[in-house]
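Spelled out from the first residue to the last, the chains are:
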Amino acid sequence: MEKTNKGRVVVVTGASAGVGRATVRAFAREGCRVGLLARDTEGLHVAAREVDELGGKGLAVPTDVADADQVEAAAARIESELGPIEVWVNNAMTTVFARVADVTPAEFKRATEVTYLGTVYGTMAALRRMAPRNAGRIIQVGSALAYRSIPLQSAYCGAKHAIAGFTDSLRTELIHDRKNIHLTMVQLPAMNTPQFTWCRSKMPRHPQPVPPIFQPEVAAERIVWASHHKRREVFVGAPTVIAIEANKIAPGLADRYLGRTGYDSQQTGENVAPDRPDNLFEPLPGDFGAHGAFGAIAHDEAATTWLSAHKGATALAGAAVFGVLALALRGRG
């Protein structure tokens, strides 16, 4: 079993900030040669320099992952300058934080093209290179929301559901073709990343991840772990496992609970201007780093290994949680 990524060529999309930025740093510490894909921002180029400083070799390739030709060109450049791509991490995302009725068709299209089609295009570019060599790993950064949707995030939830369906379909094709290319989907909980500062929002108060919240390094550690281990899925954090497993047992109860609580739990008490700058169509200037505004309440660790191996027990725990919620809802009713 591999225990190091040293010298491997890794591609990370959405590499300039958030989980992507933390993941780039984690691979760099293992001595990887890292191709960084994101739109052309200061953060992308600073992240590439960080790779060099941490012991790897970084190559910033400004790319809009919603453009298949740009993704293909980026992959070609990375192989030309760094070598054969061995690990490809699809992480790029954008979203609109609003009620479905308030999202325009153009906004839905853009969020879907970046978050879902960006993953498809990245996977296709990786496969064109990995298939002839019959080797490689593709890691899709997913979410608990790929299983359990919540209000105000329909564009994001829809895209993450689509990534799961796409990945499962491709996996069966690779099995049929007897290809030694492994697919893993890493399902994340609420993360303390800059997306809540720069996402397009049409709500009156500042968006926030639903607690409990985890630091992006927690996700990065599990993504790197997935590059060493052949797992179909990796669940990050107890909330992810409980949400996914318990939703299988009581989805209707979850619908009602989230319908009543999902708006307030995703907004702070701070009002925001309706025209605040966002990165949906154009990147914002500056370097936003890996962390968002919720560091004071974010966790640095997540008990994932035991939970991933004991999903039955976790599902029962999730059912118990939903049982408590049902009693609470009944009391309100």
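Look a little higher up for the structure.
Residues numbered from 1 in each chain as written. Predicted model: local features only at pLDDT ≥ 70, side-chain atom pairs only at ≥ 80, totals over all residues. Heavy atoms only, no water.

Asker: Whenever I open this one, the environment of Trp 198 confuses me. Can you help?
Answerer: Looking at the secondary structure, you find Trp 198 in helix H6 (residues 195-198). For Trp 198, a relative accessible area of 15% gives the class buried. Here the alpha-carbon distance between Trp 198 and Pro 283, two residues 85 residues apart in the chain, equals 9.2 Å. Each residue touching Trp 198, except ones within four places of it in the same chain, is listed here: Ala 17, Arg 276, Pro 277, Asp 278, Asn 279, Leu 284 and Phe 288. (Helix = DSSP H or I, 4+ residues; strand = E, 2+ residues; numbered from the N terminus. Buried < 20%, exposed > 50% of the residue type's maximum accessible area, 1.4 Å probe, protein only. Contact = heavy atoms within 4.5 Å.)

Asker: Looking at this structure, how should I read unusual backbone geometry?
Answerer: Comment: phi is negative for the bulk of residues other than glycine, and the bulk of peptide bonds are trans. Omega for the bond connecting Pro 211 with Pro 212 falls within 30 degrees of zero, at 0°, which places this linkage in the cis form. Locating Pro 212 in the fold gives a position in the loop between strand S10 (205-207) and strand S11 (213-214). Phi at Arg 178 is positive, roughly 55°, even though this residue is not glycine. If you trace the backbone, Arg 178 turns up in the loop between helix H5 (154-176) and strand S7 (181-187).

Asker: Whenever I open this one, the packing of aromatic side chains confuses me. Can you help?
Answerer: The description of an aromatic ring pair uses the distance of the two centres, along with the angle that the planes make with each other. Scanning the model with the defined rule gives four aromatic pairs in all. When the ring of Tyr 116 is compared with that of Phe 166, the centres are 6.5 Å apart and the planes differ by 80°; the resulting orientation is edge-to-face. Remark: Phe 166 occurs in helix H5 and Tyr 116 occurs in helix H4 (residues 105-133); sequence separation between them is 50 residues. Under the relative-accessibility criterion, Tyr 116 is labelled partly exposed at 21%. Between Trp 198 and Phe 288 the ring centres are 4.8 Å apart and the planes differ by 65°, which places this aromatic pair in the edge-to-face class. (Phe/Tyr/Trp six-rings, centres within 6.5 Å; stacked < 30°, edge-to-face > 60°.)

Asker: So what exactly am I meant to see when it comes to the nonpolar core here?
Answerer: Considering soluble globular proteins, one finds that nonpolar side chains tend to be buried as a cluster. Phe 27, Leu 36 and Val 89 are the most contacted members of the largest nonpolar core, which totals 35 residues. Those elements that provide at least two residues to this core are strand S1 (9-13), helix H1 (18-29), strand S2 (33-38), helix H2 (42-53), strand S4 (87-90), strand S6 (136-141) and helix H7 (216-226). (Core = buried A, V, L, I, M, F, W, Y, C linked by side-chain atoms within 4.5 Å.)

Asker: Teacher, can you tell me more about the sheet that holds S11 here?
Answerer: Strands in a sheet are paired, the pairing made by backbone hydrogen bonds, and the direction either parallel or antiparallel. The sheet built from three strands is open, its strands ordered S8-S11-S14 with parallel pairing. Edge positions in the sheet fall to strand S8 (190-191) and strand S14 (298-299), since each of these pairs with one other strand and no more. Here two bridges tie S11 to S14, and the two strands are oriented parallel to one another. Opposite Ile 213, over in S14, you have Ala 298 as the bridge partner. (Pairing = 2+ DSSP bridges.)

Asker: Even after reading the chapter, I still don't get the sheet that holds S1, so can you show me in this structure?
Answerer: Spatial strand order, S3-S2-S1-S4-S6-S7-S12: seven strands in an open sheet with parallel pairing. Among the strands making up the open sheet, the edge pair consists of strand S3 (57-62) and strand S12 (233-235). Sheet twist, expressed as the average angle between the axes of neighbouring strands with direction ignored, equals 15°. Sheet topology note: the S2/S3 ladder contains six bridges and is parallel. When the sheet's bridge partners are listed, Leu 37 is paired in S3 with Val 61. Contacts from H1 reach S1, S2 and S4, with the element oriented near 170° to S1. Packing against the sheet, H4 makes contact with S4, S6 and S7, and its axis sits at approximately 170° to S4. (Axes fitted to C-alpha atoms, helices over the stretch in contact; angles between N-to-C directions.)

Asker: It is not clear to me how H1 should be interpreted in this structure. Could you clarify?
Answerer: In this model, H1 (12 residues) spans 17 Å end to end at C-alpha, consistent with the 16 Å of a helix rising 1.5 Å per residue. Along H1, 11 of the 12 residues are buried, which leaves the element largely enclosed by surrounding structure. The set of residues buried in H1 consists of Gly 18, Val 19, Gly 20, Arg 21, Ala 22, Thr 23, Val 24, Arg 25, Ala 26, Phe 27 and Ala 28. Two residues or fewer past H1, Gly 31 is found with a positive phi of approximately 80°. (Expected span 1.5 Å × (residues − 1).)

Without other data, these values stay purely geometric and don't point to any function.
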